[in-house]
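Chain by chain, the residues run as shown.
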Amino acid sequence: MTVESASMGEMLAAAVPMVRTLNLEFVEVGPERAVLRLPDQPDYHNHIGGPHAGAMFTLAESASGAIVLTAFGDQLARAVPLAVRAEIAYKKLATGPVTATATLGRPAAEVVAELDAGGRPEFPVDIAIQREDGAVTGEMTVVWTLRLNG
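Scoring rules and cut-offs
Residues numbered from 1 in each chain as written. Predicted model: local features only at pLDDT ≥ 70, side-chain atom pairs only at ≥ 80, totals over all residues. Heavy atoms only, no water. Helix = DSSP H or I, 4+ residues; strand = E, 2+ residues; numbered from the N terminus. Rg over C-alpha atoms; globule rule 2.2 N^0.38 Å. Buried < 20%, exposed > 50% of the residue type's maximum accessible area, 1.4 Å probe, protein only. Contact = heavy atoms within 4.5 Å. Areas by Shrake-Rupley, 256 points an atom, 1.4 Å probe, with all protein chains shown as cover. Lys, Arg positive; Asp, Glu negative; His and termini not counted. Charge placed at Lys NZ, Arg CZ, Asp CG, Glu CD. Pairing = 2+ DSSP bridges. Axes fitted to C-alpha atoms, helices over the stretch in contact; angles between N-to-C directions. Salt bridge = Lys/Arg side-chain N within 4 Å of Asp/Glu carboxyl O. Phe/Tyr/Trp six-rings, centres within 6.5 Å; stacked < 30°, edge-to-face > 60°. Core = buried A, V, L, I, M, F, W, Y, C linked by side-chain atoms within 4.5 Å.

J.: What should I look at first to understand the overall build of the protein chain in this one?
T.: Across its full length, the protein chain carries four helices and six strands. Starting at the N terminus and ending at the C terminus, the protein chain contains elements arranged as α-α-β-β-α-β-β-α-β-β. Computed over the C-alpha atoms, the radius of gyration of the protein chain is 15 Å, within 12% of the 15 Å expected from 2.2 N^0.38 for a compact globule of 150 residues. In terms of its C-alpha atoms, the protein chain occupies a principal-axis envelope of roughly 50 × 30 × 25 Å. Across the 150 residues that make up the protein chain, the buried fraction comes to 42%. Taking contacts inside the protein chain between residues at least 6 apart in sequence as the whole, the part at least 24 apart equals 67%. Split by element, the accessible area of the protein chain, about 7,400 Å² in all, is 55% carbon and sulfur. Each charge sign in the protein chain was given a centre, from 11 positive and 18 negative side chains, and these centres are 4 Å apart.

So, in structure tokens, the structure goes:
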């Protein structure tokens, strides 16, 4: 875990109770990619012994939030990031620990330029959820916006 990952993890755990509740681990956090891990925890299993769909949704959404806060951290004094909508597809059975890898779907500079021009930019974050064997068990897209304060 990098120092940036540790600080982002601490910040999100303090601000978002579900991050603490699910014991999400911040493996890598940067402005172009974030990787979070959901440990295998029987208390959060579904009826077939894998992580519950809600836990996987929270994992993926949290990975998207980590990348957004990292990519646009310098804009937080004037704008608040908000999730606009999300879509998730469960592809394969998830078992054991799973990771969510989020990637920014639009260049940050382009988003900031739209904000500078007075717009309310929307941008996607794509997330792949994977088992330890590398199989993609789910895919999610969260569309975010930056809303100017005031």
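J.: What am I meant to see in the sheet that holds strand β4 (residues 98-104) here?
T.: Consider a sheet: its strands pair through backbone hydrogen bonds, and that pairing is either parallel or antiparallel. Here we have six strands laid out as an open sheet, ordered β1-β2-β4-β5-β6-β3, and antiparallel in their pairing. A single partner strand is all that each edge strand has here, and the edge strands are β1 (25-29) and β3 (79-90). For this sheet, the mean inter-axis angle between neighbouring strands, taken without regard to orientation, is 20°. Bridge analysis of β3 against strand β6 (residues 136-148) gives 11 bridges, and the strand direction is antiparallel. Counted as the bridge partner of Ala-89 is Glu-139 from β6.

J.: Sorry, what's going on with the pattern of salt bridges here?
T.: Should their charged atoms come close, side chains of opposite charge can pair. For the coordinates displayed, the defined rule picks out nine salt bridges. Residue Arg-33 is joined to Glu-28 by a salt bridge in which the shortest nitrogen-to-oxygen separation is 3.0 Å. The closest approach of N and O atoms between Glu-110 and Arg-106, which form a salt bridge, is 2.6 Å. We classify Glu-110 as partly exposed; its relative accessible area is 41%. For Arg-106, a relative accessible area of 17% gives the class buried. Through salt bridges with shared partners, a single ionic network connects Glu-25, Arg-37 and Glu-132.

J.: Would you mind going over the packing of aromatic side chains with me for this structure?
T.: For any pair of aromatic rings, the description consists of the separation of the ring centres together with the inter-plane angle of the planes. In this structure the tally under the stated criterion is one aromatic pair. With centroids separated by 4.9 Å and ring planes inclined at 45°, the aromatic side chains of Phe-72 and Phe-123 adopt a geometry described as tilted. You can see Phe-72 sitting in the loop between α3 (53-71) and β3 and its partner Phe-123 sitting in strand β5 (residues 122-131), a full 51 residues away along the chain. Of the two residues examined, Phe-72 and Phe-123, each falls in the buried class.

J.: I keep staring at the nonpolar core and nothing clicks. Help me out?
T.: The biggest cluster of nonpolar side chains holds 39 residues, and the ones touching the most others in it are Phe-26, Ala-66, Phe-72, Phe-123, Val-125 and Ile-127. Of all the secondary structure elements, the ones that give two or more residues to this core are α1 (3-15), β1, β2 (33-38), α3, β4, α4 (108-116), β5 and β6. It is α3 that provides the largest number of residues to this core, a total of 10 residues. Here Ile-127 is in contact with Ala-60, Ser-64, Ala-100, Thr-101, Ala-102, Gly-138, Glu-139, Met-140 and Val-142, once residues within four sequence places are set aside.

J.: Just checking my understanding: could you explain the side chain of Thr-101 for this structure?
T.: Of note, Thr-101 is situated in strand β4. Sequence-distant contacts of Thr-101, defined by excluding residues within four places in its chain, comprise Arg-33, Ala-34, Val-35, Asp-126, Ile-127, Ala-128 and Gln-130.

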